[in-house]
Amino acid sequence: MKIPLLLVLTAAAAFGQHTQLASREYFYVGGKYTGPADSQVMAGQMYVEAWRPRRVTKKYPLVFIHGASQTATNWMGTPDGRPGWADYFVAQGYLVYMVDQPARGRSAWHPSTNGSLTILSAPDVERRFTASEVGGNWPQAKKHTQWPSESPNKGRRGDPVFDAFYATQVESLASLVETQTLIQAAGSALLDKIGPAILVTHSQSGPFGWLLADSRPNAVKGIVAIEPTGPPFQNAVVNEDKARPWGVTDIPLTYNPPVQAPAELATVREQRADGPDLAVCWKQADPPRQLPHLHGIPVLIVTTESSFHAVYDHCTSKYLTQAGVANTFMRLEDQGIHGNGHMVMLEKNSQEVAALLRKWISGHVR
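What counts as what
Counting from 1, residues in each chain are numbered in the order their sequence is written. Only residues with pLDDT of 70 or above have their local features reported here, since the model is predicted, and side-chain atom pairs are shown and tallied only from 80 upward, although totals for entire chains, interfaces and linings are computed over all residues. Heavy atoms from the whole structure form the basis of all side-chain values; hydrogens and water molecules are not counted. A strand pair is defined by DSSP finding two or more bridges across the two strands. The helix count covers DSSP runs of H or I at least four residues long, the strand count covers runs of E at least two residues long, and both are numbered beginning at the N terminus. The angle between two axes is taken between their N-to-C directions and runs from 0 to 180 degrees, where each axis is a line fitted to C-alpha atoms and a helix contributes only its stretch in contact. For this document, the term salt bridge refers to a Lys or Arg side-chain nitrogen within 4 Å of an Asp or Glu carboxyl oxygen. Buried residues are those whose accessible area, probed at 1.4 Å on protein chains only, stays under 20% of the maximum for their type, while exposed residues exceed 50% and partly exposed ones sit between those limits. Put simply, buried Ala, Val, Leu, Ile, Met, Phe, Trp, Tyr and Cys residues joined by side-chain atoms within 4.5 Å make one nonpolar core. Note on contacts: a residue pair qualifies if any of its non-hydrogen atoms lie within 4.5 Å across the two residues. By convention in this document, the label disulfide applies to cysteine sulfur atom pairs within 2.5 Å. Scored from 0 to 100, pLDDT records how confident the predictor is in each individual residue. One less than the residue count of a helix, multiplied by 1.5 Å, gives the span that helix is expected to have. Throughout, the arc means the angular range of directions from the helix axis out to the C-beta atoms. Distance and chemistry together define a polar contact, namely a pair of N or O atoms within 3.5 Å, with one atom able to donate a hydrogen and the other to accept it when in protein, and with adjacent residues in sequence counting only for side-chain atoms on both sides.

## A few points about the sheet that holds strand S5 (residues 62–65)
In step 1: Spatial strand order, S1-S4-S6-S5-S9-S10-S13-S14: 8 strands in an open sheet with mixed pairing. Across the chains shown, the open sheet's two edge strands, defined by having one partner strand only, are strand S1 (21–29) and strand S14 (328–331). For this sheet the average axis-to-axis angle between neighbouring strands, irrespective of direction, equals 20°.
In step 2: Two elements, S1 and strand S4 (residues 46–53), share 8 bridges in a ladder whose sense is antiparallel.

## Some thoughts on the pattern of salt bridges
In step 1: Across all of its chains, the model carries 8 salt bridges by this definition.
In step 2: One salt bridge connects Arg-157 with Glu-126, and the closest N-O pair in it is separated by 2.7 Å. With Arg-157 in the loop between helix H5 (132–135) and helix H6 (160–166) and Glu-126 in helix H4 (residues 122–130), this pair connects stretches of sequence that are 31 residues apart.
In step 3: Of the residues examined, Arg-157 reaches a relative accessible area of 43% and is grouped as partly exposed.
In step 4: Look at Glu-126 and you get buried, because its relative accessible area is 10%.
In step 5: Between Lys-318 and Asp-274 there is a salt bridge, and its shortest N-O distance comes to 2.9 Å. With Lys-318 in helix H9 (residues 313–322) and Asp-274 in the loop between strand S11 (267–269) and strand S12 (282–284), the pair connects residues that are 44 residues apart, well separated along the chain.
In step 6: When its relative accessible area of 29% is taken as the criterion, Lys-318 is described as partly exposed.

## Some points on the nonpolar core
In step 1: The biggest cluster of nonpolar side chains holds 51 residues, and the ones touching the most others in it are Phe-64, Trp-85, Phe-89, Val-96 and Met-98.
In step 2: For this core, the leading source of residues is helix H10 (residues 350–364), giving 6 residues.
In step 3: Residues within four places of Met-98 in sequence aside, it is in contact with Tyr-47, Val-48, Glu-49, Trp-51, Phe-64, Ala-72, Trp-75, Met-76 and Ala-86.
In step 4: Listed in part, the 44 residues of the second largest apolar core include Leu-211, Ala-213, Ala-225 and Ile-301.

## Observations regarding the state of the cysteines
One way to say it: the disulfide is the covalent bond shared by the sulfur atoms of two cysteines.
In step 1: As enumerated under the stated definition, the model contains 1 disulfide in all.
In step 2: With a sulfur-sulfur separation of 2.0 Å, Cys-281 is cross-linked through a disulfide to Cys-315. Here the disulfide of Cys-281 and Cys-315 is left-handed, its torsion about the S-S bond being about -80°. Here Cys-315 lies in helix H9 and Cys-281 lies in the loop between S11 and S12, a separation of 34 residues in the sequence.

## As for the confidence of the model for the chain
In step 1: Per-residue pLDDT for the chain averages 94, and the proportion of residues at 70 or more is 95%.
In step 2: Confidence drops under pLDDT 50 across residues 1–16; counting only partners more than four residues distant or on other chains, this segment forms 19 contacts.

## Points about H10
An α-helical turn contains 3.6 residues, so any two residues separated by three or four positions project in the same direction.
In step 1: Helix length check: H10, at 15 residues, gives a terminal C-alpha distance of 21 Å against a target of 21 Å (1.5 Å per residue), a fit within 8%.
In step 2: Taken together, the buried positions of H10 are occupied by Ser-350, Val-353, Ala-354, Leu-356, Leu-357, Trp-360 and Ile-361. Burial along H10 is one-sided: seen end-on, the buried residues are contained in an arc of 160°.
In step 3: For H10, the secondary structure elements touched by its buried residues are S5, helix H3 (85–91), strand S9 (197–202), strand S10 (220–226), strand S13 (299–303) and S14.

## A few points about the side chain of His-144
In step 1: Here His-144 shows up in the loop between H5 and H6.
In step 2: Judged by its relative accessible area of 3%, His-144 falls in the buried class.
In step 3: At 2.8 Å, the side chain of His-144 and the side chain of Glu-133 are in polar contact.
In step 4: His-144 has contacts with Phe-129, Thr-130, Ala-131, Ser-132, Glu-133, Ser-306, Gly-339, Asn-340, Gly-341 and Glu-347, leaving out every residue within four places of it along the chain.

Shown next, in the form of structure tokens:
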């Protein structure tokens, strides 16, 4: 398919609107040399881009971590050329850091060291993210209205906005275990470098928030989890495969009483769903083990009205509560914000959603 000129112009516009930006820099954190001594490469390092406002007025910076098949461009602008969440929060006085996950985008992937790659196909992206009102198979899908396009092919191939978005997609590590292991190491190194921060995660990066809070509890001052990967222990909507054996992650978390292996986490399924069109949740059997390193960290879980996450994100919230992690579970429609899908940071009302996040952060992070 020939890429239209509009796509190129739109993509360029999305990255040229930094009205409050004083400086922009990048650096790498983490990584180690690996391989035979005479042919070593560095692997596991993570690209970090920092946007500094003209005047930093907020106590803690924000660290934005993208989801599967994405990079830091998610936060830099929208595919129809509007400023992104990074611009919004810089204008609010936040120092903003954005990463490319290890072995992704500008963070090197090595075939000799890292595992295999995968990418979401264009039809999958259409169905799950951008045109769920046409192809989505979950009850809330038809409520999707916020994809930013007036094209007859809105949210699908041939829509210039969709094409601009899909052009940004890149391969991700297929192994969730490898992904989470690498990000816990590199993300911990980032927090060691920059000091205390607020994490903003999305989708596949949702478990990273729990893992980084577990490894650096004193440095994580808040977690804003936008539709984090879930639900606990077993998938929903896409399939019903067993998943996240540590509850909300694929690699170990610190539990109390201690857990040496996932099989030690006794689980039960609730007898019924919490309401219409919702998944039945899995939880720990009583008495539940606690997640002590996450205690006291303000946590916000945000779910949109039409996403497939609307079916099950409440299960993640309930799991954390059961494990002693107080959290705010927010459905956007309950806040009067309607029609959003999974890629909420790119949609027509993205700035309205950003303002809601800012309000929560201001009221909960001290």
